[in-house]
Amino acid sequence: MVLEGNPEVGSPRTSDLQHRGNKGSCVLSSPGEDAQPGEEPIKYGELIVLGYNGCLASGDKGRRRSRLALSRRPHANGVKPDVMHHISTPLVSKALSNRGQHSISYTLSRSHSVIVEYTHDSDTDMFQIGRSTENMIDFVVTDTSPGGGAAEGPSAQSTISRYACRILCDRRPPYTARIYAAGFDASSNIFLGERAAKWRTPDGLMDGLTTNGVLVMHPAGGFSEDSAPGVWREISVCGNVYTLRDSRSAQQRGKLVENESNVLQDGSLIDLCGATLLWRTPAGLLRAPTLKQLEAQRQEANAARPQCPVGLSTLAFPSPARGRTAPDKQQPWVYVRCGHVHGYHGWGCRRERGPQERECPLCRLVGPYVPLWLGQEAGLCLDPGPPSHAFAPCGHVCSEKTARYWAQTPLPHGTHAFHAACPFCGAWLTGEHGCVRLIFQGPLD
């Protein structure tokens, strides 16, 4: 691409502009060029959107789904920084008109812009995530509302960027995946306007942040039984790590965190200001329970024939094939403050506290009384433990380790708030611990 004006070209072209570890690329999962006929493609990892329990409410369709596997592409589509140009702003539109040339434009003033050209990188694959349904977006993500639904209707104002972020995966072992804020648009450009947070780095390069930012949290101890929540950070356009801004869209960036990187780990959370995604590696998914194991646990729990301690009716978790519809007669219900499991009954209401507030007939504690639903998104589980705990107040059931981890994990909400939420439906957690141990009564015979 030829630029008029006074281009300032770095020398050497690539090494001066390429950030430490910044390898890029852009497309969807299909067999790699090394795969033999009938072989599975090399999988880099999977992205799981929190709040949907295995499937979007309207069903998973194409690029709009609750879970997406990123696999090695037939041909590398990566790009990496190449040349930096200083030009006058009236020439920006001409400079960005070549759709075959990837670039990032930093508008510094009305008369001065910096454009960084990107060149092909045969060592990486790039996957783009955002709200846009255009072809260059591999994973279309919409805003998640508490309760497992998507914000719908013309009045629903999305806070997720059309081109929110991109993930670049090395095509060779160990298939490292790195995340960067912002994705390339239909013209293969990323444009940071005059009001966007941007700056020149100490080595003379450019970097910036998107309007609402891309936040990442890496769990301490990996995503396993010993996991603990990490610290939320913000990822820049060039993949550098910063502390959080004072508010989500503040123009003043946080401080550079030099000892942390944008490399995704098993269990890393990616927040796009409206939806939060979980990254699972192939090795991590091997440790997670399978859908077959979850179904076996459901059948085992039902085989124990738990009973309502008052009505003495036999309780049973419904099949996931039935979906989360109206509870049936055998549906187990729980008092989320104490954990006592019953069948449905209409007594004990405390109308002054709300329609869901009931008094447990066994211990007299008053609190929400809700049906129990098994968590069906296996990738959100830390271990294959038995379904012993339920989130409060939604009633989704999972293992103790899984419940306690998510109950102590703050998820971004709005411009500067954080709340723990149920990973299966997105409902904000309440109560002292956010979850409760379930107390079943066995059969009397």
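- Per an unreviewed UniProt entry, the chain is named E3 ubiquitin-protein ligase pellino homolog, and its organism is Cebus imitator.
- In UniProt, the chain has this text filed under Sequence similarities (unreviewed entry): "Belongs to the pellino family."

### Examining the pairing of strand β19 (residues 276-280)
- Burial within β19 is extensive, with 5 of its 5 residues counted as buried.
- Of the two faces of β19, the one holding Thr276, Leu278 and Arg280 and the one holding Leu277 and Trp279 are both buried throughout.
- Bridging between strand β1 (residues 43-49) and β19 involves 4 bridges; their strand directions are antiparallel. Looking at the pairing, Glu46 lines up with Arg280 of β19.

### Some points on unusual backbone geometry
- Cis geometry marks the peptide bond from Pro173 to Pro174; its omega dihedral reads 5°.
- Take Pro174: it is sitting in the loop between β10 (165-170) and β11 (177-181).
- In this structure, Pro393 follows Ala392 across a cis peptide bond, with omega equal to 10°.
- Within the secondary structure, Pro393 is located in the loop between β25 (389-391) and β26 (396-398).
- Phi is positive for Asn53, which is not a glycine, with a value near 55°.
- Along the chain, Asn53 falls in the loop between β1 and β2 (67-71).
- Positive phi outside glycine occurs at Ser188, with the angle close to 65°.

### Quick look at the confidence of the model for the chain
- Averaged over all residues, the pLDDT of the chain equals 84, while 82% of them reach at least 70.
- When the criterion is pLDDT under 50, residues 1-33 qualifies, and its contacts beyond four places in sequence or with other chains add up to 110 contacts.

### Things to note about the pattern of salt bridges
- Per the stated rule, a full pass over the model turns up 15 salt bridges.
- Arg171 is paired through a salt bridge with Asp125; the nearest N and O atoms lie 2.9 Å apart. In this pair, Arg171 sits in the loop between β10 and β11 while Asp125 sits in strand β6 (residues 124-130), placing the two residues 46 residues apart along the sequence.
- Accessibility expressed as a relative area gives 4% for Arg171, which makes it buried.
- A relative accessible area of 0% means that Asp125 is categorised as buried.
- Salt-bridge contacts for Asp266 lead to Arg280; the nearest nitrogen and oxygen are separated by 2.7 Å. One end of the pair, Asp266, is in the loop between β17 (241-242) and β18 (269-271); the other, Arg280, is in strand β19, and 14 residues separate them in sequence.
- When its relative accessible area of 9% is taken as the criterion, Asp266 is described as buried.
- Three or more residues joined by partner-sharing salt bridges are found here, namely Lys43, Glu46, Arg67 and Glu377.

### Looking at helix α3 (residues 291-303)
- Its 13 residues place the ends of α3 18 Å apart at the C-alpha level, agreeing with the 18 Å of an ideal helix rising 1.5 Å per residue.
- If you check which residues of α3 are buried, you get Leu294, Gln297, Arg298 and Asn302. Seen along its axis, α3 keeps its buried residues to an arc of 130°; they face one direction. Along α3, the residues that are exposed and aim more than 90 degrees away from the buried face are Lys292, Glu300 and Ala303.
- Looking at the packing, one finds that the buried side of α3 touches β24 (373-374).
- Backbone geometry just after α3 places Arg305 at a positive phi near 50°.

Rules used throughout
Residues numbered from 1 in each chain as written. Predicted model: local features only at pLDDT ≥ 70, side-chain atom pairs only at ≥ 80, totals over all residues. Heavy atoms only, no water. UniProt positions renumbered as here; feature names shortened; annotations may be inferred. Buried < 20%, exposed > 50% of the residue type's maximum accessible area, 1.4 Å probe, protein only. Helix = DSSP H or I, 4+ residues; strand = E, 2+ residues; numbered from the N terminus. Pairing = 2+ DSSP bridges. pLDDT = per-residue confidence, 0-100. Contact = heavy atoms within 4.5 Å. Salt bridge = Lys/Arg side-chain N within 4 Å of Asp/Glu carboxyl O. Expected span 1.5 Å × (residues − 1). Arc of directions from axis to C-beta.

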